Amino acid sequence: MTEPKKRLLLVDASSYLYRAFHALPEFRSPAGEPTGAILGVINMLRKLKQDFPSDYIACVFDPKGKTFRDEIYPEYKATRQAMPEELARQIEPLHEVIRALGWPLVVVDGVEADDVIGTLVTHAQAAHGWDSVISTGDKDLTQLVTDRVLWVNTMAVPMEKLDPAGVKAKFGVPPGKIVDYLALMGDAVDNVPGVDKVGPKTACKLIDQYGSLEGVIAHADEVKGVVGENLRKVKEWLPTGRRLLTVKTDVELPFELESLVDRGPDNAKLASLYERFGFRTLRDAILKNEDAPEHGNAPAPGRAEGKPRHDTRNFALLASHAPASEVTPFVATRRYETVLDEPALDRWVGKLMAAAIACFDTETTSLDPMSAELVGLSFSATPGEAAYIPLTHRYAGAPQQLSVDLVLARLRPWLEDAARLKVGQNAKYDRHVLANHGVAVRGVAHDTLLQSYVLESHQRHDMDALAARYLGASGLIQYADVAGKGASQIPFDQVDVQRATDYSAEDADVTLQLHGALWPRIERDAKLRRIYSDIEIPVAGVLLAMERNGVLIDTALLARQSQELGQKMLELERRAHELAGGPFNLASPKQLCEVLFDRLKLRVVKKTPTGSPSVDEEVLEKLAEDHPICATLLEHRGIAKLKGTYTDKLPRMVHAKTGRVHTNYAQAVAVTGRLASNDPNLQNIPVRTAEGRRIREAFVAPAGSRIVSADYSQVELRIMAHLSGDKGLMDAFAKGEDVHRHTAAEVFDTPLEQVTSEQRRYAKVINFGLIYGMSAYGLASNLAIERAAAQSYMEKYFSRYPGVAAYMERTRAEARERGYVETVFGRRLWLPDIGSSNMARRQGAERQAINAPMQGTAADLIKMAMIAVQGWIEEEGLAAKLVMQVHDELVLEVPEAELDRVKPGVEKLMTGVAKLDVPLVVEAGVGANWEEAH
């Protein structure tokens, strides 16, 4: 009887270690150890053993120190950067894990991992007739591929497997010519020079023409053009380069091949290590005896062999605080239908009406939600199934499509029924588009963008990233795949209907499946469920209404302001020229450097990455102490920004149909939960200058209405008092005292009634600076005082408010232990750098840990206020409308007849949305414009 053929599985572990380190976020153990690379390699090894069950296995690492290649060429690998400290700290613990997993670990002094692998696969084939699998991402090792040696890259998606034919197809040369190919191109990673200007195509062409590297060298004089010139310059070097790139296959190894047997897992050791690293899901699987399929040869009890496994090949799966083992398998049946007739439409309407929840998505003519028109609609009610309804594809030869009016009439009962639950990815945009066509979508119970944001606000929330993280799905169809990109991009209504179906139906299908993966994670956590269901989902509807309301602006006033700002810029330019002793271009960094540092001999504060003196705003602020020209330049820049960003631009952004400006409020951008306004950004209008405040005068109410502005007063300081429980702060707020005056009295040992305006100003900087984690140096810089004085103020502050100091220390410790902090209402704010060994990054994360709960709680409060105010307006049938949200302020447009109800009603609602240990205070004003209402 013939003995079954055996297989050797070798892992180029050094290659995978680096790739895992750079692919994953900075995971930390409970003790603060970096663990991202360890987790990545563990999952790769477990998956590899599933895919390639083998008799003999090994993880091969590079040794420390020099090898024979350094003797041949001292510059070999000289350009490689030193191993990052965060990675170096993971080497020894990773070795422990690999051994505990049962993998023989091979490191041979003076011999690179490539040469060890080359020797082992050659010996396995020649001496035993075994097959071998090399797991790596290093193309150099494709030179070892034969009919018995397979090269695999498990981190490619889909997994890349190269046999001899595969090598030829990928590189254009067979395995036996790979070294010649690499020698001609050179290897920048290992600092092995090749022929300048020779890339893959040219290298293949030369080898095809002359047969080998030796042939190319022999015929170097025949090669024409710049390639020939460059080839002749280095032809003496090329044999040495080839030798450096050739993997040795005859290394003397200090062990026998037969010793590389799978030793099986040491589950006790693994459980201990996983506990240490915080890999709780991996630990729990061992303790429940669920890890046998990955670590042994028999299925675990009760687990069917045929059960689909989660694909951990894509490292994006691990870039999440949800363990890879929680990835929900992607249903990839892709039964996608193009709906072109009424019977098919009616069938899909029936499916949607019968579904417990279904996904909807739109394809449109524009990214601007207020002007976008429908090109098509897609739906999914069952994982793996979806439909696309093309509506206005207009290319030559496009199939006959159903009319927009017909389709929306049939779908309206489902779209507008609040009881028919719907899910989307950034559904606010799709609701805008349908509203443009007169359809008010109701029943949007879920949004996968917001689900991801609530779970991990610091991560990416686009569909591709979510599909990789939570479904193990990759290779999704991109917009550029169907519409092209750059100058060659076509509008979606020109996309082939079948390609549009593949793309759009997949979006709906993936979104529905993402909801199935994300919602259970939120649902089982009461705090996250509250943030998602009670705040984020309802506020999305409020934002939709606010964005559609828009805000009226006085374009004539802005035009006059723009002219005045232009005149002021000319005056400042003339003044700068006088101070400089001659004309120059204020917008030219080069000319500015010549004026400041060559002509006026001012000190160089800092330099740009290119080595030139910097003239940024921070530098000019410092140099303003040395020369008045710098203050003039700063003022000119500020005026130019106002003119370009607001007075010139805002009138061009007025919507043709509504006559209003419609900003977009991005809900899933700021990690703290704050909304971000864009196109235009209404939250960054400067209010510290008279010119900036005047711009707010152009935001007006229509005839018969007024602007009402309602602003939370000192809300973050009140939140700090609540969180810290500091008696001094709480008493000040409870008594309704001016908290800055109170702080000044404490810090300067002055009776409250004798506090000066200058002392109050100092106290205000101290109050806000310290809750933002400002250092003594930063405080000194802000107040323009000596650092020792700033340090003294800080010490007095914390001695007067010991609860604040205790809160800060407690919060830092909790953040280090958990990796996140929380708002008062349970929003989770992740801090990936809280355990970093890089002091600057760690200290930055500690400052975030202190401030994020305050900023995040303030964000929660204003969103809760928006929900309450909009709900009240709708319930009371008022004509008042929310038109803007800026920081801690709500801006409404209110008919004069409703002012007496709306102003006190809004104040009451905003102060009553939550109960803190200190009172919430709202200051509301009324005016003909936004500035007047302040």
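Model, not experiment: these values are computed from the prediction.

## As for the nonpolar core
Ranked by internal contacts, the top residues of the largest apolar core, which has 117 residues, are Phe699, Tyr712, Leu861, Met884, Leu890, Leu892 and Met910. Residue contributions to this core peak at 11 residues, all from helix α35 (residues 839-876). The contacts of methionine 910, once residues within four sequence positions are left out, are Ala710, Tyr712, Ile862, Ala865, Val869, Asp888, Leu890, Leu920 and Val922.

## Examining the pairing of strand β4 (residues 131-135)
Counting buried residues in β4 gives four out of five residues, a clear majority hidden from the surface. Pairing between strand β1 (residues 7-12) and β4: five bridges, direction parallel. In the strand pairing of β4, arginine 7 is matched with aspartate 131. Pairing between β4 and strand β5 (residues 149-153): four bridges, direction parallel. When the sheet's bridge partners are listed, serine 135 is paired in β5 with valine 152.

## Side note on the sheet that holds β4
Here six strands make up an open sheet; going across it, the order is β3-β2-β1-β4-β5-β6 and the pairing mixed. Edge positions in the sheet fall to β3 (105-106) and β6 (160-162), since each of these pairs with one other strand and no more. Packing of helix α2 (residues 36-51) onto the sheet brings it into contact with β1, β2 (56-60) and β4, and relative to β1 it is tilted by some 160 degrees.

## Quick look at the packing of helix α28 (residues 715-724) against helix α34 (residues 802-818)
With their axes 9 Å apart at the nearest point, α28 and α34 run at an angle of 80 degrees to one another. Here α28 is positioned roughly perpendicular relative to α34, judged by the angle of their axes. Residue-level contacts link Met720, Leu723 and Ser724 of α28 to Gly803, Val804, Tyr807, Met808 and Arg810 of α34. Considered class by class, the residues forming the contact of α28 with α34 number five nonpolar, two polar and one charged.

## Some thoughts on the state of the cysteines
The full count for this structure, using the stated rule, is zero disulfides. Among the cysteines around cysteine 630, which has no disulfide bond, cysteine 593 carries the closest sulfur, lying 11 Å off.

## Topic: the packing of aromatic side chains
Per the stated rule, a full pass over the model turns up 17 aromatic pairs. Summarising the aromatic geometry, the rings of tyrosine 56 and tryptophan 130 are spaced 4.4 Å apart at their centres and angled 10 degrees between planes, so their arrangement reads as stacked. Of this pair, tyrosine 56 sits in strand β2 while tryptophan 130 sits in the loop between α5 (113-128) and β4, placing them 74 residues apart in sequence. Tryptophan 130 gets classed as buried once you look at its relative accessible area, which sits at 7%. Centroid distance phenylalanine 492 to tyrosine 503: 5.9 Å. Interplanar angle 45 degrees. Geometry classified as tilted.

## Overview of the environment of leucine 48
Following the sequence through the fold, leucine 48 ends up in helix α2. Sequence separation between leucine 48 and proline 174 is 126 residues, and the spatial gap between their C-alpha atoms is 26 Å.

## Topic: the pairing of β2
The buried fraction of β2 amounts to five of the five residues, a majority that puts the element mostly inside the structure. Burial along β2 is two-sided: the face carrying Tyr56, Ala58 and Val60 and the face carrying Ile57 and Cys59 are both buried. Sheet topology places β2 next to β3; two bridges connect them, and they run parallel. Residue pairing for β3: cysteine 59 is matched across the bridge by leucine 105.

## What about the sheet that holds strand β8 (residues 357-364)?
Two pairing modes exist for strands in a sheet, parallel and antiparallel, and in both the strands are linked by backbone hydrogen bonds. One open sheet accounts for six strands, arranged β7-β10-β9-β8-β11-β12; its pairing is mixed. Where the open sheet ends on each side, the last strands, each with one partner, are β7 (335-338) and β12 (444-447). Shown here is a sheet whose adjacent strand axes are inclined to one another by a mean of 25 degrees, direction ignored. The sheet contact formed by β8 and strand β9 (residues 374-382) spans six bridges and is antiparallel.

## Notes on the environment of leucine 717
On the secondary structure map, leucine 717 appears in helix α28. Judged by its relative accessible area of 1%, leucine 717 falls in the buried class. C-alpha of leucine 717 to C-alpha of methionine 730: the two residues are 13 residues apart in sequence and 10.0 Å apart in space. Those residues within four positions of leucine 717 in sequence are excluded, and the remaining contacts are Phe733, Val739, His740, Asn767, Phe768 and Ile771.

## Let's talk about the environment of leucine 592
For leucine 592, the location among the structural elements is in helix α24 (residues 589-599). According to the relative accessible area criterion, leucine 592 is buried, its value standing at 1%. For the pair formed by leucine 592 and alanine 580, sequence separation is 12 residues and the distance between their alpha carbons is 9.7 Å. If near-sequence neighbours (up to four positions away) are discounted, leucine 592 is found in contact with Phe584, Leu586, Val615, Leu633 and Arg637.

## A word on helix α31 (residues 757-771)
With 15 residues, α31 ought to run about 21 Å at 1.5 Å a step, and its terminal C-alpha atoms sit 21 Å apart, in line with that. Those residues of α31 not exposed but buried are Gln759, Tyr762, Ala763, Ile766, Asn767, Gly769, Leu770 and Ile771. Against the buried residues of α31 lie α28, α30 (739-747), α32 (776-783), α33 (787-800), α34 and α35. Just downstream of α31, glycine 773 is the residue with a positive phi angle, here 75 degrees.

## Focus: the packing of helix α7 (residues 178-185) against helix α11 (residues 238-245)
Remark: α7 packs on α11, axes separated minimally by 9 Å, with the N-to-C direction vectors making an angle of 125 degrees. On the basis of their axis angle, the class for α7 and α11 is oblique. Pair α7 / α11 crosses with right-handed handedness. Residues Val179, Asp180, Leu182, Ala183 and Leu184 of α7 pack against Leu238, Arg242 and Leu245 of α11. Broken down by class, the residue content of the contact of α7 with α11 amounts to six nonpolar, no polar and two charged.

Reading the values: the criteria
Residues numbered from 1 in each chain as written. Predicted model: local features only at pLDDT ≥ 70, side-chain atom pairs only at ≥ 80, totals over all residues. Heavy atoms only, no water. Core = buried A, V, L, I, M, F, W, Y, C linked by side-chain atoms within 4.5 Å. Buried < 20%, exposed > 50% of the residue type's maximum accessible area, 1.4 Å probe, protein only. Helix = DSSP H or I, 4+ residues; strand = E, 2+ residues; numbered from the N terminus. Contact = heavy atoms within 4.5 Å. Pairing = 2+ DSSP bridges. Axes fitted to C-alpha atoms, helices over the stretch in contact; angles between N-to-C directions. Parallel < 35°, antiparallel > 145°, perpendicular 65-115°, else oblique. Nonpolar A, V, L, I, M, F, W, Y, C, P; charged D, E, K, R; others polar. Disulfide = S-S within 2.5 Å. Phe/Tyr/Trp six-rings, centres within 6.5 Å; stacked < 30°, edge-to-face > 60°. Expected span 1.5 Å × (residues − 1). Left-handed = near helix turned anticlockwise from the far one by under 90°.

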